[in-house]
Amino acid sequence: MADKTEVIFSQEFLYSIFDLAPIGIIIANSQGVIEDANQYICSLTDYESEELVGQKVELLLPERFRGGHVALRDSFFAHPTIRMMGRNRELNAVTKSGSELPIEVGLAPIKSDGDLKVIVTITDVTMKREADNKMRALSIELEEVSTPILEVWEGVAVVPIIGSLDTDRAQKLLESTLAKMKDARFRVTILDITGLTCIDTSVAHHLLRLTAAIGLMGGHSVLTGISPEIAKTIVRLGVDLGELKTCSTLARGLNYAITVLEEC
Amino acid sequence: MKNIPVLKLGSILFLTVPENMNDAMAQYLEEDVLQQLHKTGAEAVVIDISSLEIIDSFMARVITETVQTTKVMGARIVVVGMSSVATITLLELGLDMSDIETAMDLESGLHKLGYRLQTIK
């Protein structure tokens, strides 16, 4: 095996794999001193390879993390395993000009010349982080716009439920609907499910829970926007809507709400 | 031990559960309502719980039991002013509150019992 390696991969060839890989690679010793750095990490950080070799790895860390990193480095060498650095945390490298770069870091211990060293692989995740942030902002925005509570008549609220209704969203919807109902004194709440993408037993359960809560607070609720498909699904699933008032369209629901108001 | 004052308005008994309601007071709530019902011959009871921000399982049981016993005594009962937080707690406790009549506030509670406020000319 050793012979084979020597035949196929010359020393030079192996070094090229390290040096030319399109991922940042640093070799550091247990004191945290950089022993080698490949071309890609140099281009990421704008340093020359010579400038990095001999420096502590902390050079590439934002100043606020440098102090704490020494202890983390020691703990890695105390328990050397292959792992990602700082899982669930956003890591940044600092370039020569002082700007920060979002990265992901992998650590792998290696025994070389009897010394324990670490291979640090560094991936530039600028695009990924941007996409993540955008997605997070979008999901917050979506959450905000997807569950509005509209007062359409004095004492009548319409809650259009658009998209999907998971446990998390159902709980938020419950809290916001009840709070608004109390403040704005809604006597009738119309839950419009025209925009609901799918209905299953769990969605039905959330809806029934919401209407039970509205009932406990002394309000009335109507379920509207029931398409033939949804009606079929409800029946086939064997969901018991109990005494919940349902209407096919929002217009009919509003009509019903007004009759309820007149009775009060 | 302080009892919760039970007011009589016509044929309705009216009581407000105080904010600082403790378990000891809660224990007497049902008893007080029933005694007053018996004494006055009132036809209906309105319990205002709007000052209760939190309802625990004990309080929930007191309320449901009061509702049931009042009904057994032949009177109607409406619980009014349940807060949104209390409602969610009740749902999470998983208690069956389906036989409890509720209303948003005192006025709609009275209305539910068939009474309407009117000014005397």
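In the block above lies the structure referred to throughout.
These figures come from a predicted structure and were not determined experimentally. (Residues numbered from 1 in each chain as written. Chains lettered and ligands numbered in written order. Predicted model: local features only at pLDDT ≥ 70, side-chain atom pairs only at ≥ 80, totals over all residues. Heavy atoms only, no water.)

Taken together, the contact between chain A and chain B spans 20 residues of the former and 16 residues of the latter. Across the contact surface, chain A and chain B share two salt bridges. Here A:Arg209 makes a salt bridge to B:Glu92, at a shortest N to O gap of 3.3 Å. Counting across the interface, chain A meets chain B through seven residue pairs in polar contact (both at pLDDT 80 or more). Counting only elements with at least two residues in the side of chain A that touches chain B, the list comes to α7 (167-184) and α8 (201-216) of chain A. If you tally residues by element for the side of chain A that touches chain B, the top one is α7(A), at seven residues. Considering only residue class, the side of chain A that touches chain B consists of 10 nonpolar, four polar and six charged. (Contact = heavy atoms within 4.5 Å. Salt bridge = Lys/Arg side-chain N within 4 Å of Asp/Glu carboxyl O. Polar contact = N/O pair within 3.5 Å; in protein donor to acceptor, adjacent residues only side chain to side chain. Helix = DSSP H or I, 4+ residues; strand = E, 2+ residues; numbered from the N terminus. Nonpolar A, V, L, I, M, F, W, Y, C, P; charged D, E, K, R; others polar.)

With that settled, consider helix α1 (residues 23-40) of chain B. Residues and elements named next belong to chain B. With 18 residues, α1 should cover 26 Å at 1.5 Å per step; its first-to-last C-alpha distance of 26 Å lies within 8% of that length. Maximum bend of α1: about 30°, positioned at Leu29. Three or more residues of α1 are buried, namely Met25, Ala26, Leu29, Glu30, Asp32, Val33, Leu34 and Leu37. The elements touched by buried residues of α1 are β1 (6-9), β2 (12-16), β3 (44-48) and α2 (57-72). Taken from the residues just after α1, Gly41 is the one with a positive phi, measuring 70°. (Expected span 1.5 Å × (residues − 1). Bend = angle between axes of the 7 residues up to and from the residue. Buried < 20%, exposed > 50% of the residue type's maximum accessible area, 1.4 Å probe, protein only.)

Close approach of charged atoms lets side chains of opposite charge pair. One pass over the structure, following the stated rule, counts 11 salt bridges over all chains. One salt bridge in this structure joins A:Glu51 and A:Lys96, with 2.7 Å as the shortest N-O distance. Linking A:Glu51 in helix α4 (residues 49-52) with A:Lys96 in the loop between β4 (91-94) and β5 (100-112), this pair joins segments that are 45 residues apart in sequence. Overall, the relative accessible area of 29% leaves A:Glu51 in the partly exposed class. Notably, a salt bridge pairs B:Glu65 with B:Arg61, separated by 3.5 Å at the nearest N-O pair. Pair noted here: B:Glu65 and B:Arg61 are both in helix α2, with a separation of four residues, about one helical turn.

All names here are of chain A. Per the counting criterion, the structure on display carries two aromatic pairs over all chains. With centroids separated by 5.3 Å and ring planes inclined at 55°, the aromatic side chains of Tyr15 and Phe18 adopt a geometry described as tilted. With a gap of three residues between them, Tyr15 and Phe18 both fall in helix α2 (residues 11-20), about one helical turn apart. Under the relative-accessibility criterion, Tyr15 is labelled partly exposed at 40%. Accessibility expressed as a relative area gives 13% for Phe18, which makes it buried. With a centroid separation of 5.4 Å and an interplanar angle of 85°, the aromatic rings of Phe76 and Phe77 are classed as edge-to-face. (Phe/Tyr/Trp six-rings, centres within 6.5 Å; stacked < 30°, edge-to-face > 60°.)

Glancing now at the nonpolar core. Soluble globular proteins: nonpolar side chains tend toward being buried together. With 64 residues, the main nonpolar core has A:Ile161, B:Met21, B:Ile49 and B:Ile55 as its most contacted residues. Among the elements that take part in this core, α8(A) stands out by supplying seven residues, more than any other. Once residues within four sequence positions are removed from consideration, B:Ile55 is found in contact with B:Ile49, B:Ala60, B:Ile63, B:Ala86, B:Thr89, B:Leu90 and B:Leu93. With 22 residues, the next largest nonpolar core counts A:Ile41, A:Leu107, A:Val118 and A:Val120 among its residues. (Core = buried A, V, L, I, M, F, W, Y, C linked by side-chain atoms within 4.5 Å.)

Right, let's talk about the sheet that holds strand β8 (residues 156-160) of chain A for a bit. Residues and elements named next belong to chain A. The sheet built from five strands is open, its strands ordered β7-β8-β9-β10-β11 with mixed pairing. In the strand order of this sheet, the two ends are held by β7 (150-153) and β11 (245-246), each with one partner. Inspection of the sheet shows β7 paired to β8 by three bridges, in the antiparallel sense. By the bridge assignment, Glu151 is partnered in β8 with Ala157. On the sheet, helix α10 (residues 250-263) packs against β7, β8, β9 (188-192), β10 (220-224) and β11 and is oriented at approximately 170° with respect to β9. (Pairing = 2+ DSSP bridges. Axes fitted to C-alpha atoms, helices over the stretch in contact; angles between N-to-C directions.)

Moving on, we come to the packing of α1(B) against α2(B). Residues and elements named next belong to chain B. Where α1 meets α2, the axes come as close as 10 Å, and the angle between the chain directions of the two elements is 10°. Our classification of the angle between α1 and α2 gives roughly parallel. Facing α1, whose interface residues are Asp23, Ala26, Gln27, Leu29, Glu30, Val33, Leu34 and Leu37, α2 presents Phe58, Met59, Val62, Glu65, Thr66, Thr69 and Thr70. Classifying every residue of the contact of α1 with α2 gives eight nonpolar, four polar and three charged. (Parallel < 35°, antiparallel > 145°, perpendicular 65-115°, else oblique.)

The next thing to look at is the environment of A:Leu207. Residue and element names in this part refer to chain A. With respect to the element layout, Leu207 can be found in helix α8. Sequence separation between Leu207 and Leu174 is 33 residues; the distance between their C-alpha atoms is 9.2 Å. Residue contacts for Leu207: discarding those within four places in its chain leaves Ile161, Leu165, Ile193, Ile199 and Leu223.

This brings us to α2(B). Residue and element names in this part refer to chain B. Compared with an ideal rise of 1.5 Å per residue, which puts 16 residues at 22 Å, α2 spans 22 Å between its outermost C-alpha atoms and is within 8% of the ideal. Listed as buried for α2 are Met59, Ala60, Val62, Ile63, Thr64, Thr66, Val67 and Thr70. Buried residues belonging to α2 abut α1, β3, β4 (76-80) and α3 (84-93).

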